[in-house]
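Okay, here's what each chain looks like letter by letter:
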Amino acid sequence: MTTTTPAGGARKHTALPKARTLIEALPWLTRHRGKTVVIKFGGNAMVDEELKAAFAQDVVFLHHAGLRPVVVHGGGPQINAALDRHGIVSEFKAGLRVTTEDAMDVVRMVLAGQVQRELVGLLNAHGPLAVGLTGEDAHTMTATKHTPRIDGELVDIGRVGEITRMDTGAIEALLADGRIPVVSSIARSADDGHVYNVNADTAAAALAAALGAETLMVLTDVEGLYEDWPNSDEVISRLTASELEKLLPELASGMVPKMEGCLYAVRNGVHTARVIDGRVQHSILLEIFTDEGIGTMVVPDEEGEQ
């Protein structure tokens, strides 16, 4: 007489949850295959070793799943530390870093020489995939001096740039070669020849639009856009461009460049823009390959009204 042991039967099915997760991802894999996804890397995910490693795994997974990921990064925490070491005070106005000429030298060194190198190394631990470049390379990003209006007055915040032109040729060539471009958000001006610090959220949005990306994903240190902060921690899961535009004046200054970037992206051909919590391991995969998703998704008006 032949019998089967309960233990053996149980062991056979321990992988079922994994199988269900893979099946849930199937329609999303089909939908996104061959599409370009621009990911802005920032926040805690940049300084926590486990989060950095998980981010690199997510991006490589997207690549092997047939998507075309492009990473754009800033380097706020690393820049703050480097400026402190050089005795330069960090100051922010309208959510943007005040960047003197001395500070710009440090910003350029940290972004291109430290943050980008580490990220390229983490990605390339999985194969010869990542190639680093800055907005200066091949005139990928051209900028002019940005002078924000604060309380009705134009304010000089130094070497902070506003993107005036994008040339995606170098990035498209890397994508066609099966590589993962990693882009530092600095740009040269055609007006005065100076190099400018460009907000990484803004740079990622401009690049996503120029590439005709399917999705822009912005990693943050919050769960998403809150319904009524600080009175509620309820996250808005989805909103249209017009709904977001109405909310912009009420947002905290640090969220403004992120949400303005999302608004610009979806109004310039990007199908969805998502703000997700970079403190959660594998948040990119959770957002893009699961039914629930996490964070806040912004869609164009016509899509949201269907």
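What you see is a predicted model, and the numbers here were worked out from it, not measured in a lab.

K.L.:
Which parts of the structure should I look at to understand the overall build of the protein?
P.N.:
A tally of helices and strands in the protein yields 11 helices and 16 strands. For 306 residues, the compact-globule estimate of 2.2 N^0.38 gives 19 Å, and the C-alpha radius of gyration of the protein, at 21 Å, lies within 12% of that figure. Taking the principal axes of its C-alpha atoms as reference, the protein extends roughly 85 × 40 × 35 Å. Taking all 306 residues of the protein together, 49% fall into the buried category. For the protein, the share of sequence-separated contacts (at least 6 apart) that also reach a separation of at least 24 residues comes to 72%. Surface accessibility of the protein: about 14,700 Å² in total, with carbon and sulfur atoms responsible for 52%. Each charge class in the protein can be summarised by its mean position, and for the 27 positive and 42 negative side chains these summaries are 7 Å apart.

K.L.:
Before we go on, may I ask you to explain the sheet that holds strand β6 (residues 141-145) in this structure?
P.N.:
Adjacent strands of a sheet form backbone hydrogen bonds with each other and so pair up, either parallel or antiparallel. Across the sheet, which stays open at both edges, the four strands sit in the order β9-β6-β11-β12 with mixed pairing between neighbours. The two strands at the open ends of the sheet, each matched to only one other strand, are β9 (161-166) and β12 (195-197). Averaged over neighbouring strand pairs, the angle between their axes works out to 50° when direction is ignored.

K.L.:
Help me out: how do you make sense of the side chain of Asp58 in this one?
P.N.:
As for its placement among the helices and strands, Asp58 is situated in helix α3 (residues 49-64). Of the side chains with opposite charge, Arg274 comes closest to the buried, unpaired Asp58, at an N-O distance of 12 Å. Setting aside chain neighbours within four positions, we find Asp58 in contact with His282, Ser283, Ile284 and Leu285.

The rules behind the values
Residues numbered from 1 in each chain as written. Predicted model: local features only at pLDDT ≥ 70, side-chain atom pairs only at ≥ 80, totals over all residues. Heavy atoms only, no water. Helix = DSSP H or I, 4+ residues; strand = E, 2+ residues; numbered from the N terminus. Rg over C-alpha atoms; globule rule 2.2 N^0.38 Å. Buried < 20%, exposed > 50% of the residue type's maximum accessible area, 1.4 Å probe, protein only. Contact = heavy atoms within 4.5 Å. Areas by Shrake-Rupley, 256 points an atom, 1.4 Å probe, with all protein chains shown as cover. Lys, Arg positive; Asp, Glu negative; His and termini not counted. Charge placed at Lys NZ, Arg CZ, Asp CG, Glu CD. Pairing = 2+ DSSP bridges. Axes fitted to C-alpha atoms, helices over the stretch in contact; angles between N-to-C directions. Salt bridge = Lys/Arg side-chain N within 4 Å of Asp/Glu carboxyl O.

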